[in-house]
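Each chain, written out:
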Amino acid sequence: MQRVSFKVTGELPPKKGGELSMWGKPLEAKRLLPLRRKALEALKSNGPFTGPIRLTLSIHVGDQTLVFRNAGDNGFGDLDTFVSGVCDGLMAAHPSAKRDPLFDEPENADIHPRKVIAIPDDQQVMEIAAQKRIVRGNRCWYEVGLEQLEDA
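Right, let's walk through the structure included here.

Conventions and cut-offs
Residues numbered from 1 in each chain as written. Predicted model: local features only at pLDDT ≥ 70, side-chain atom pairs only at ≥ 80, totals over all residues. Heavy atoms only, no water. Helix = DSSP H or I, 4+ residues; strand = E, 2+ residues; numbered from the N terminus. Rg over C-alpha atoms; globule rule 2.2 N^0.38 Å. Buried < 20%, exposed > 50% of the residue type's maximum accessible area, 1.4 Å probe, protein only. Contact = heavy atoms within 4.5 Å. Areas by Shrake-Rupley, 256 points an atom, 1.4 Å probe, with all protein chains shown as cover. Phe/Tyr/Trp six-rings, centres within 6.5 Å; stacked < 30°, edge-to-face > 60°. Core = buried A, V, L, I, M, F, W, Y, C linked by side-chain atoms within 4.5 Å. Pairing = 2+ DSSP bridges. Axes fitted to C-alpha atoms, helices over the stretch in contact; angles between N-to-C directions. Salt bridge = Lys/Arg side-chain N within 4 Å of Asp/Glu carboxyl O.

## Focus on the overall build of the protein
- Broken down by element type, the protein carries three helices and four strands.
- When the helices and strands of the protein are read in sequence order from the N terminus, they spell out β-α-β-α-α-β-β.
- In terms of overall size, the protein behaves like a compact globule, its C-alpha atoms giving a radius of gyration of 15 Å where 152 residues would be expected to give roughly 15 Å.
- If you line up the protein on its principal axes, its C-alpha atoms span 40 × 35 × 25 Å.
- In the protein, which comprises 152 residues, the share counted as buried stands at 44%.
- Sequence-distant contacts, at least 24 apart, represent 83% of the contacts inside the protein between residues at least 6 apart.
- As displayed, the protein offers around 8,400 Å² of accessible surface, 49% of which is attributable to carbon and sulfur atoms.

Now the structure itself:
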(Lines give C-alpha, C1' and ligand atoms only; values in the text may rest on other atoms or scores of the structure.)
Protein backbone atom coordinates (compact mmCIF):
# COMPACT_ATOMS: atom_id res chain seq x y z
CA MET A 1 0.00 0.00 0.00
CA GLN A 2 1.47 3.33 -1.05
CA ARG A 3 1.93 5.92 1.70
CA VAL A 4 3.97 9.14 1.83
CA SER A 5 4.29 12.08 4.17
CA PHE A 6 6.32 15.23 4.01
CA LYS A 7 6.82 18.54 5.78
CA VAL A 8 7.13 22.00 4.24
CA THR A 9 8.78 24.57 6.50
CA GLY A 10 8.70 28.34 6.34
CA GLU A 11 5.58 28.52 4.23
CA LEU A 12 1.81 28.10 4.32
CA PRO A 13 0.11 25.71 1.89
CA PRO A 14 -1.30 27.17 -1.32
CA LYS A 15 -4.85 28.46 -1.09
CA LYS A 16 -7.46 27.92 -3.76
CA GLY A 17 -10.10 30.58 -4.03
CA GLY A 18 -11.26 33.65 -5.84
CA GLU A 19 -11.83 34.24 -9.51
CA LEU A 20 -8.31 33.64 -10.79
CA SER A 21 -6.45 30.36 -10.85
CA MET A 22 -3.97 29.94 -8.01
CA TRP A 23 -1.38 28.87 -10.61
CA GLY A 24 -1.18 32.44 -11.92
CA LYS A 25 -0.98 34.25 -8.58
CA PRO A 26 2.61 35.09 -7.48
CA LEU A 27 1.99 34.36 -3.78
CA GLU A 28 0.33 31.02 -4.50
CA ALA A 29 3.03 30.09 -7.03
CA LYS A 30 5.61 30.68 -4.28
CA ARG A 31 3.60 28.28 -2.08
CA LEU A 32 2.95 25.71 -4.81
CA LEU A 33 6.61 25.20 -5.66
CA PRO A 34 7.71 23.76 -2.28
CA LEU A 35 4.52 21.68 -1.99
CA ARG A 36 5.15 20.06 -5.36
CA ARG A 37 8.91 19.67 -4.76
CA LYS A 38 8.49 17.98 -1.35
CA ALA A 39 5.74 15.69 -2.66
CA LEU A 40 7.86 14.63 -5.62
CA GLU A 41 10.81 13.90 -3.31
CA ALA A 42 8.60 11.88 -0.96
CA LEU A 43 7.14 9.82 -3.79
CA LYS A 44 10.61 8.98 -5.11
CA SER A 45 10.10 6.72 -8.11
CA ASN A 46 6.66 5.46 -7.06
CA GLY A 47 4.76 7.97 -9.18
CA PRO A 48 1.26 9.30 -8.54
CA PHE A 49 -1.39 7.41 -6.59
CA THR A 50 -3.68 5.23 -8.69
CA GLY A 51 -6.71 4.59 -6.47
CA PRO A 52 -8.65 6.07 -3.57
CA ILE A 53 -6.61 8.30 -1.26
CA ARG A 54 -6.67 9.49 2.34
CA LEU A 55 -5.25 13.03 2.74
CA THR A 56 -4.05 14.46 6.03
CA LEU A 57 -3.02 18.09 6.42
CA SER A 58 -1.71 19.75 9.55
CA ILE A 59 -0.91 23.47 9.37
CA HIS A 60 1.06 25.25 12.11
CA VAL A 61 1.54 29.01 12.28
CA GLY A 62 3.50 30.85 14.94
CA ASP A 63 1.65 33.58 16.78
CA GLN A 64 4.54 35.95 16.03
CA THR A 65 4.72 35.38 12.26
CA LEU A 66 3.84 38.25 9.98
CA VAL A 67 1.23 36.16 8.21
CA PHE A 68 -0.62 35.65 11.48
CA ARG A 69 -0.18 39.14 12.90
CA ASN A 70 -1.28 40.78 9.66
CA ALA A 71 -4.41 38.65 9.56
CA GLY A 72 -5.68 39.98 12.87
CA ASP A 73 -7.93 38.02 15.18
CA ASN A 74 -9.60 36.10 12.36
CA GLY A 75 -6.67 33.77 11.80
CA PHE A 76 -4.53 33.28 8.72
CA GLY A 77 -6.84 31.62 6.23
CA ASP A 78 -9.77 29.27 5.91
CA LEU A 79 -8.88 25.62 6.36
CA ASP A 80 -10.99 24.53 3.40
CA THR A 81 -9.11 26.82 0.99
CA PHE A 82 -5.82 25.28 2.14
CA VAL A 83 -7.18 21.73 1.67
CA SER A 84 -8.38 22.61 -1.85
CA GLY A 85 -5.05 24.26 -2.62
CA VAL A 86 -3.10 21.18 -1.57
CA CYS A 87 -5.36 18.80 -3.51
CA ASP A 88 -5.20 20.89 -6.67
CA GLY A 89 -1.51 21.64 -6.16
CA LEU A 90 -0.67 17.94 -6.28
CA MET A 91 -2.55 17.48 -9.56
CA ALA A 92 -1.73 18.93 -12.95
CA ALA A 93 -3.15 22.38 -13.57
CA HIS A 94 -5.90 22.77 -16.12
CA PRO A 95 -4.24 23.29 -19.53
CA SER A 96 -5.84 26.72 -19.93
CA ALA A 97 -4.87 27.95 -16.44
CA LYS A 98 -2.70 31.04 -16.44
CA ARG A 99 0.70 30.23 -14.91
CA ASP A 100 3.10 32.40 -12.97
CA PRO A 101 6.50 32.71 -14.75
CA LEU A 102 8.21 30.98 -11.78
CA PHE A 103 6.93 27.67 -13.09
CA ASP A 104 8.78 28.11 -16.38
CA GLU A 105 12.21 28.42 -14.73
CA PRO A 106 14.45 25.48 -15.80
CA GLU A 107 14.92 24.28 -12.22
CA ASN A 108 11.15 23.78 -11.95
CA ALA A 109 10.74 21.59 -15.04
CA ASP A 110 10.14 18.44 -12.96
CA ILE A 111 7.35 20.10 -10.96
CA HIS A 112 5.82 22.10 -13.80
CA PRO A 113 2.02 22.58 -13.52
CA ARG A 114 1.40 20.45 -16.61
CA LYS A 115 2.69 17.42 -14.63
CA VAL A 116 0.74 15.31 -12.16
CA ILE A 117 2.76 15.05 -8.96
CA ALA A 118 0.76 12.81 -6.60
CA ILE A 119 -2.96 12.99 -7.38
CA PRO A 120 -4.15 12.47 -10.97
CA ASP A 121 -7.69 13.57 -10.07
CA ASP A 122 -8.85 14.94 -6.73
CA GLN A 123 -11.99 12.80 -7.04
CA GLN A 124 -9.66 10.06 -5.76
CA VAL A 125 -9.50 11.79 -2.36
CA MET A 126 -12.03 9.82 -0.31
CA GLU A 127 -10.98 10.85 3.22
CA ILE A 128 -9.60 14.10 4.60
CA ALA A 129 -8.30 14.93 8.06
CA ALA A 130 -7.17 18.54 8.37
CA GLN A 131 -6.27 20.95 11.15
CA LYS A 132 -4.72 24.37 11.60
CA ARG A 133 -2.98 25.33 14.78
CA ILE A 134 -1.61 28.53 16.25
CA VAL A 135 1.68 27.78 17.99
CA ARG A 136 4.17 29.93 19.86
CA GLY A 137 6.98 31.50 17.92
CA ASN A 138 7.67 32.96 14.51
CA ARG A 139 7.70 29.87 12.29
CA CYS A 140 5.12 28.30 10.06
CA TRP A 141 5.08 24.83 8.52
CA TYR A 142 2.68 22.18 7.38
CA GLU A 143 2.65 18.43 7.03
CA VAL A 144 0.91 16.42 4.33
CA GLY A 145 0.16 12.72 4.37
CA LEU A 146 -1.18 10.69 1.45
CA GLU A 147 -2.20 7.08 1.80
CA GLN A 148 -3.61 4.66 -0.72
CA LEU A 149 -6.89 3.19 0.55
CA GLU A 150 -8.21 -0.24 -0.24
CA ASP A 151 -10.38 -0.04 -3.35
CA ALA A 152 -13.84 1.15 -2.38
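That covers the picture; the talk isn't over yet.
## Observations concerning the packing of aromatic side chains
- Applying the stated rule across the entire model yields one aromatic pair.
- A centroid spacing of 5.6 Å and a plane angle of 55° characterise the contact between Trp23 and Phe103, whose relative ring orientation is tilted. Of this pair, Trp23 sits in the loop between strand 1 (3–9) and helix 1 (26–43) while Phe103 sits in the loop between helix 3 (79–89) and strand 3 (125–135), and the two are 80 residues apart along the sequence.
- Phe103 gets classed as buried once you look at its relative accessible area, which sits at 0%.

## Some points on the side chain of Glu28
- On the secondary structure map, Glu28 appears in helix 1.
- By relative accessible area, which is 7% here, Glu28 ends up buried.
- Look past the residues within four positions of Glu28 in its chain and what remains in contact with it is Pro13, Pro14, Lys15 and Met22.

## What to know about the nonpolar core
- Counting residues in each nonpolar core, the largest one holds 38 residues, and the members touching the most others are Leu90, Val144 and Leu146.
- Going through the elements one at a time, strand 1, helix 1, strand 2 (53–62), helix 3 and strand 4 (140–148) are the ones with two or more residues in this core.
- Leave out the neighbours within four places in its chain, and Val144 touches Val4, Ser5, Phe6, Leu35, Leu55, Thr56, Leu57 and Val86.

## Things to note about the sheet that holds strand 3
- Read across the sheet, four strands follow the order 1-4-2-3 without closing on themselves; strand pairing throughout is mixed. A single partner strand is all that each edge strand has here, and the edge strands are strand 1 and strand 3. For this sheet, the mean inter-axis angle between neighbouring strands, taken without regard to orientation, is 10°.
- Across the sheet, helix 1 is in contact with strand 1 and strand 4; its angle to strand 1 comes to roughly 145°.

## Quick notes on the pattern of salt bridges
- As enumerated under the stated definition, the model contains nine salt bridges in all.
- Taken together, the salt bridges that share partners define one network made up of Arg3, Arg54, Glu127 and Glu147.

## Some words on the environment of Ala97
- With respect to the secondary-structure elements, Ala97 resides in the loop between helix 3 and strand 3.
- The buried category is assigned to Ala97, whose relative accessible area is 17%.
- Not counting residues within four places of it along the chain, the set of residues in contact with Ala97 comprises Ser21 and Trp23.

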